[in-house]
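Notes for the structure review
Spelled out, the chains give:
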Amino acid sequence: NAGVTQTPKFQVLKTGQSMTLQCAQDMNHEYMSWYRQDPGMGLRLIHYSVGAGITDQGEVPNGYNVSRSTTEDFPLRLLSAAPSQTSVYFCASSYGRGSYGYTFGSGTRLTVV
Amino acid sequence: DAKTTQPPSMDCAEGRAANLPCNHSTISGNEYVYWYRQIHSQGPQYIIHGLKNNETNEMASLIITEDRKSSTLILPHATLRDTAVYYCIVRAINTGGFKTIFGAGTRLFVKA
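Residues numbered from 1 in each chain as written. Chains lettered and ligands numbered in written order. Predicted model: local features only at pLDDT ≥ 70, side-chain atom pairs only at ≥ 80, totals over all residues. Heavy atoms only, no water.

1. Regarding the overall build of chain A
Scanning chain A from terminus to terminus reveals 0 helices and 11 strands. Each helix and strand of chain A, placed in order from N terminus to C terminus, yields the pattern β-β-β-β-β-β-β-β-β-β-β. Rg of the C-alpha trace for chain A: 13 Å, near the compact-globule value of 13 Å for 113 residues, within the 12% margin. A burial count over chain A gives 49% of its 113 residues as buried. Within chain A, contacts between residues at least 6 apart in sequence are counted, and of these 53% link residues at least 24 apart. For chain A, the exposed area adds up to about 5,200 Å²; of that, 51% sits on carbon and sulfur atoms. Charged side chains in chain A number 8 positive and 7 negative. The centres of these two groups are separated by 8 Å. (Helix = DSSP H or I, 4+ residues; strand = E, 2+ residues; numbered from the N terminus. Rg over C-alpha atoms; globule rule 2.2 N^0.38 Å. Buried < 20%, exposed > 50% of the residue type's maximum accessible area, 1.4 Å probe, protein only. Contact = heavy atoms within 4.5 Å. Areas by Shrake-Rupley, 256 points an atom, 1.4 Å probe, with all protein chains shown as cover. Lys, Arg positive; Asp, Glu negative; His and termini not counted. Charge placed at Lys NZ, Arg CZ, Asp CG, Glu CD.)

2. Observations regarding the layout of surface pockets
With a probe scaled to a water molecule rolled over the atoms, the places where space remains empty come into view. Considered as a void within the structure, the largest pocket measures approximately 470 Å³ in volume. Taken together, 25 residues make up the lining of the largest pocket; nearest its centre are Gln-37, Gly-40 and Met-41 of chain A together with His-40 and Arg-107 of chain B. Of all the secondary structure elements, the ones that give two or more residues to the lining of the largest pocket are strand S9 (87–94) and strand S11 (108–112) of chain A together with strand S8 (84–92) and strand S9 (106–111) of chain B. Its residues assigned to classes, the lining of the largest pocket shows 11 nonpolar, 11 polar and 3 charged. (1 Å grid on protein atoms, 1.4 Å probe; cavity = no way out; pocket = protein on both sides within 12 Å on 5 of 7 lines; lining within 4 Å. Points joined across faces, edges and corners; volume = space filled by probe spheres on them. Nonpolar A, V, L, I, M, F, W, Y, C, P; charged D, E, K, R; others polar.)

3. Topic: the sheet that holds strand S3 (residues 19–25) of chain A
Residues and elements named next belong to chain A. In space, the 4 strands of this open sheet follow the order S1-S3-S8-S7, with antiparallel pairing throughout. Whereas interior strands pair on both sides, the edge strands pair on one side only; in this sheet they are strand S1 (4–7) and strand S7 (64–66). Within the sheet, the average angular offset between the axes of one strand and its neighbour, ignoring direction, is 20 degrees. Relative to strand S8 (residues 76–78), S3 runs antiparallel, the two being bridged by 3 bridges. Along S8, the bridge assignment pairs Met-19 with Leu-78. (Pairing = 2+ DSSP bridges. Axes fitted to C-alpha atoms, helices over the stretch in contact; angles between N-to-C directions.)

4. Examining the interface of chain A and chain B
Every contact between the two is made by 24 residues of chain A and, on the other side, 22 residues of chain B. The contact between chain A and chain B buries some 1,800 Å² in all, and 54% of this surface belongs to carbon and sulfur atoms. In this structure, the connection of chain A to chain B is made through 6 residue pairs in polar contact (both at pLDDT 80 or more). Mapped onto the side of chain A that touches chain B, the elements with two or more residues apiece are strand S4 (31–37) and strand S5 (43–51) of chain A. By residue number, the principal contributor to the side of chain A that touches chain B is S5 of chain A, which donates 4 residues. (Buried area = accessible area lost by both parts, 1.4 Å probe. Polar contact = N/O pair within 3.5 Å; in protein donor to acceptor, adjacent residues only side chain to side chain.)

In structure tokens:
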């Protein structure tokens, strides 16, 4: 079914490990983004992409890498996990033109120990 | 993108209208007002958006003041399932306004 799919739903990492959070959408959306949400806090933008091959930094990009090789996928890579990266990560997408709202995924809950 | 200001929390009785305010005094002419909500720890859900006219859909109504410096989201008959954090954001479209910043939102408590 159409939507934004995030995997995994839960993950525990040790400090210093690396991993990739996956995000895929099947709505042919040009725009995709990653947010993190710490307990009791709002959403903070990590990185975003306005189309395949184009990415840019958000509010809190340090410690994260992204790439956009296809329209459908926008993976988020943690290079060397730190306890400060313990958070819930949400991926969002929308059409690049027009005033459409964002569709969010259900999130990945990451704990770094 | 312009910033928004929302009260941190509000209460509403079940069955009554919930009116959630948002101030966006620095909004630009090409920026839309969007509302999202987040129920518990789920992903945020789009509710409604508008430019300068009032808008209504099956979920809510959006009232934007004539000077566009503030808006109100109206849930006409709030239910317990409407308890959530509501985010008001402003975003330009078609001009690269994709760096969308979310604030802390308003935590709405609907009480029986």
